[in-house]
Amino acid sequence: MSNSEWLSMFTSNLFWDADPTELSLDNNSRYIIQRVLEHGQINDWQLINQYYGLNKIVDECKQMRTLDPVFLSFIATISHTKVEDYRCYHYKQLNSTLWNS
């Protein structure tokens, strides 16, 4: 299946700020995974899980600077990893704001 066919199967408003014709599932994997986790529906999750596999998703999530705490917990739980292994966990700890303390 081609790149454009895969992208057409995602929820239509998922990539509202990007041109879907310029997205590549391989080159923009981190962006696509984060969008699906934070704004996607269950069928979008199933698509990235089918395309990338859980190991690739976890590897990409470990490199993300930001990830919603709910989805960080979700990924850590289903992959049996620690939240401390994720960059976004440490990045948030370093950059706390007055209203988050």
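This structure is a prediction, so every number in the text was calculated from the model and none was measured. (Residues numbered from 1 in each chain as written. Predicted model: local features only at pLDDT ≥ 70, side-chain atom pairs only at ≥ 80, totals over all residues. Heavy atoms only, no water.)

Student: Describe in detail the overall build of the protein chain, supporting the description with residues and values.
Tutor: The helix and strand tally for the protein chain stands at 6 helices and 0 strands. Helices and strands appear in the protein chain in the N-to-C order α-α-α-α-α-α. Across the 101 residues in the protein chain, those meeting the buried criterion constitute 33%. (Helix = DSSP H or I, 4+ residues; strand = E, 2+ residues; numbered from the N terminus. Buried < 20%, exposed > 50% of the residue type's maximum accessible area, 1.4 Å probe, protein only.)

Student: Residues and numbers for the side chain of E60, please.
Tutor: Looking at the secondary structure, you find E60 in helix α4 (residues 54-63). The buried category is assigned to E60, whose relative accessible area is 11%. Looking at E60, its side chain comes within polar contact range of the side chain of R30, at 2.8 Å. Look past the residues within four positions of E60 in its chain and what remains in contact with it is S29, R30 and I33. (Polar contact = N/O pair within 3.5 Å; in protein donor to acceptor, adjacent residues only side chain to side chain. Contact = heavy atoms within 4.5 Å.)

Student: An account of the side chain of S24 is needed here, citing residue identities and associated values.
Tutor: Mapped onto the elements, S24 comes out in the loop between α1 (3-8) and α2 (29-39). Contact partners of S24, with chain neighbours within four places excluded, come to N3, S29 and I32.

Student: Give me the lowdown on helix α5 (residues 69-79), citing residues and values where you can.
Tutor: Every buried residue of α5 is accounted for by L72, I75, A76 and S79. Down the axis of α5, the buried set is contained in an arc of 95°. They therefore lie on one face. The exposed set on the far side of α5, more than 90 degrees from its buried face, consists of V70 and T77. Where α5 begins, the side chain of D68 points an oxygen toward the backbone nitrogen of V70, at a separation of 2.9 Å. Looking at the residues trailing α5, positive phi occurs at H80, about 55°. (Arc of directions from axis to C-beta.)

Student: Give a detailed account of the packing of α2 against α4, specifying residues and quantitative values.
Tutor: α4 packs onto α2 with a crossing angle of 95° between their chain directions and a minimal axis gap of 10 Å. In terms of orientation, α2 and α4 fall into the roughly perpendicular class. On α4, the residues touching S29, R30, I33 and L37 of α2 are K56, I57, E60, C61 and Q63. Among the residues making up the contact of α2 with α4, the classes are represented as 4 nonpolar, 2 polar and 3 charged. (Axes fitted to C-alpha atoms, helices over the stretch in contact; angles between N-to-C directions. Parallel < 35°, antiparallel > 145°, perpendicular 65-115°, else oblique. Nonpolar A, V, L, I, M, F, W, Y, C, P; charged D, E, K, R; others polar.)

The quantities given are spatial measurements derived from coordinates; they are silent on function.
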